[in-house]
Structures are given as C-alpha cells and as structure tokens.
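# Structural characterization, general
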Amino acid sequence: MAALEILPGIYSVGVVDWNVRNFHGHTYTTRRGSTYNAYLIIDEKIALVDTVYTPFSEELINNIKEVVPLGKIDYIIANHVEVDHSGALPSIMALCSKARILGTAKCKEGLYRHYYQNWNFQTVKTGDKLELGRRTLNFIEAPMIHWPDSMFTYCPLDSLLMPNDAFGQHFATAERFDDQVDQCALMEEAEEYYANILWPLNSVISRKIQEIQKLNVPIKMIAPSHGIIWRKDPAKIINAYRSWSAGDTKNKAVVVYETMWGATDKMAKQIAQGIASQGIEVKLYNIAETDRTEVITQMLSARGFLFGSSTHDNDMLPNIAAFLEIVKGLKPKGRQISFFGSYGWAGGAVGEMQELLKDSGADFTIPGIAFKYVPDQAELESCFEFGSKFAKILK
Ligand code: FEO
C-alpha cells in the first residue's frame, strides 16, 4: 500500500499482510490478515517510527521513497524489538547512513541480540523528548506491553499516540482509519488481539492506562503498529482496554472439551443445557475441531469455564492438554473453573486438568464430575444439574 498522509507532515508508510493466517508461532490465528504499521514524520528533522516485518522491507523502503529519500532520515524510533516491527531495520539502516535509533535500554539489548549490529543507538526513558523542529516526540516506557523493551511515542503537537502493539488489531484492510471500516469487525479484532496477546498482562495495562490519564494529555489519534488508526473515537478503544484489563466479565460460561468416542461430548451438551437453563449465556467448543484463538476470545468476557476430556492413558486428551497450557498462561484470575469427562476402567483426566490449572489464579468452587464409559440417563441428568449449579455461582 502506498504512503498516506494521516496528519499534516505525518505519513503512514507501513504495509498490509493480507495473507498471514498464523502469528506468534501458530499460537494465534489471524483470520483477517494483519498490517505492520510504520510512520514517517517530516519536520526540520525526519523521524521514522518503527519499521515492518522483514519480508516487507522493500515495500517499506518504496513507501518511504515516495515521501523522502532514505538518506534524509535522521532518527528511527524503535518502540519494540519484536521482528514484525524491527525486521526491516537492517535494510533501512543500510540506506540511512546518518540515522540514529532511539529506544529503551531493553530495546538496545534486544536489537543487538536479534541483528548483532553496532548501530548508532540512543537510549531513552519515560520523560525524555526528541526535538524535530515544530514537533517534539515524548517517550513513555511501557514494559511488558507486551515485551520488556516496549515503548509508546507521543507527539503533543498533533495529540498523536503511537503505542506500537497496544490498541492494535490483526486486521488487513485497504482503509487506514476507524471511521472507514465495519465497527463490529473492528472491535471483534481488537478484542481477539487483547484476549490472545495481552490478557495475561491485565494489571500492567490497567496501571499504564491510569498513568497516561494522570499525564492529562489530549489524545486525538492513536496510531498503533497493527491494523487501523483510531481517529474518530480513540476513547472507544481506551475504554475497551480499561474494561478488559479490569477483568470485567458478564453472565457467560464457555464449555471447552475433547472427546474420544462421544461420551464426553454427550456430557458437554447436557452441561451446556444446564447452564442455559439458568439464563446464563453459554458457548460450547470441541477444541479438536475449533480454532483456539476464537475460543480464547470468547473466554475473555466469560465469568466461568468448564473443561472436559475423556481419559486416555490416565490423562487428558492431547488437544485439550495443549489448550489448557495456553489457559494456564492467561492467568484467569478470579474466573470460576470446573471439569468433566468420561473414562473407561480408570479415571484421570479430570484430576490432571485441575492439576494443570491449580496455580492459574482461577477459583474451583464446584468439584468436577466423571462418569464411567457412556453416561446413562440418570448421569446425563447429573450433568445438567452440574451445569445448572455452576451457572448459579456465576450470577
Ligand atoms: Fe506486533 Fe510484539 O509485535
């Protein structure tokens, strides 16, 4: 996509990755593709804010060339080390002989460990400023949103926040702004991005939002490093982040399971009916058949989760095991969790699932249930009651 002037003298020079379908080593399915955003600021001095993923280096260079020759770039702001934002740095630095890179101390260390180059690097921290001419750039360290090196860049003249990954979405579009795209799709992608990347960092994000509010600076535009730019209503995404990071949930339960011959599937469906009988919203997924990115997104707003598995070799089945490893990493503090499953001659899955999540911060108020082989009618009614009881504690 060509360079686009998003504010007088500030250009979007990033790229659209229409075809990417997996991210972070296949932990995240990017069904709508993504973008790697970079911004070029033209003033007495010229600054490039972030770069793009390595395979798109040439496209970034061509976009910059539409505005200025690369040799004129004075500064490159590296808000984040991760390769989707720094991957084009070696190609860019080869063409910008005088450019100085600015980033946090952790960024300096991280860039060296990625590229092993002794680039001209200036370490900055919160409160440091860079004078460009009419404009000044202010830097705000944002460690663990979502890497230790992460940083936000703020331009007071334009009330423009460039927070890198924060407030982003994996959303490939030809449009660049929030007012140009479908609002449901936009917020769906923003929520999916938060659930799958930022959820474990709730407390850090909550504190950072409060810190930025205390700075009392106007934010008229948020230009993240993925997806569209928030210009119509930046408060919309800030408020959404405030709610998600506070752990706000609704009367909703998510049932996730894996089944060997269908007995655990029968249990899952009865449990879901029991939950629904209490007027609680319920979502049900066989994790062996479902995209886990979608499931985790649904879990973000749910107050309770029920995990099921048939017992195999005295343990849970492999797809639910892989999924629960991710759930453990999400640290679902304060969410209600319980377990269910069928077994043959010896149980094991229910206990192993609880053991896996015992340090996750979740609450285990309702003990799990397990039935031998295929549940009979009375046992299916017990599953319904189990779901109903679980739903009552979510209210
Ligand atoms: Fe979009 Fe943390 O990289």
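Residues numbered from 1 in each chain as written. Predicted model: local features only at pLDDT ≥ 70, side-chain atom pairs only at ≥ 80, totals over all residues. Heavy atoms only, no water.

### With respect to the overall build of the protein chain
Helix and strand counts for the protein chain come out as 12 helices and 21 strands. Going through the 395 residues of the protein chain one by one, you find that 56% of them count as buried. The long-range fraction of contacts in the protein chain, counting pairs at least 24 apart against all pairs at least 6 apart in sequence, stands at 72%. Of the roughly 16400 Å² of accessible surface on the protein chain, a fraction of 50% belongs to carbon and sulfur atoms. Side-chain charges of the protein chain comprise 40 positive and 46 negative groups, with the mean position of each set lying 5 Å from the other. (Helix = DSSP H or I, 4+ residues; strand = E, 2+ residues; numbered from the N terminus. Buried < 20%, exposed > 50% of the residue type's maximum accessible area, 1.4 Å probe, protein only. Contact = heavy atoms within 4.5 Å. Areas by Shrake-Rupley, 256 points an atom, 1.4 Å probe, with all protein chains shown as cover. Lys, Arg positive; Asp, Glu negative; His and termini not counted. Charge placed at Lys NZ, Arg CZ, Asp CG, Glu CD.)

### Things to note about the side chain of S360
Residue position: S360 is located in the loop between α11 (349–357) and β21 (369–372). Among the polar contacts listed, one links the side chain of S360 to the backbone oxygen of L357, at a separation of 2.8 Å. Ignoring anything within four residues of it in the chain, the contact list for S360 reads K331, P332 and K333. (Polar contact = N/O pair within 3.5 Å; in protein donor to acceptor, adjacent residues only side chain to side chain.)

### Quick look at the nonpolar core
Counting 94 residues, the largest nonpolar core has I64, I92, I237, Y241, F307, F323 and L324 as its most contacted members. Looking at this core, the element that brings in the most residues is helix α5 (residues 183–198), giving nine residues. Each of domain 1 (4–245) and domain 2 (250–394) contributes no fewer than three residues to this core. Setting aside residues up to four positions removed in sequence, F307 forms contacts with V256, M299, F323, L324, V327, I337, S338, F339, F340, M353 and L357. Ranked by size, the runner-up nonpolar core spans 23 residues in total, among them L7, A47, V49 and I77. (Core = buried A, V, L, I, M, F, W, Y, C linked by side-chain atoms within 4.5 Å. Domains from an automatic or database assignment.)

### Focus: unusual backbone geometry
Here the residue pair I145 and H146 is connected by a cis peptide bond, since its omega of 10 degrees sits within 30 degrees of zero. Note that H146 resides in the loop between β13 (136–141) and β14 (151–155). Non-glycine residue Y373 carries a positive phi angle of around 50 degrees. With respect to the helices and strands, the residue Y373 is situated in the loop between β21 and α12 (377–394). Given a relative accessible area of 48%, Y373 falls into the partly exposed group.

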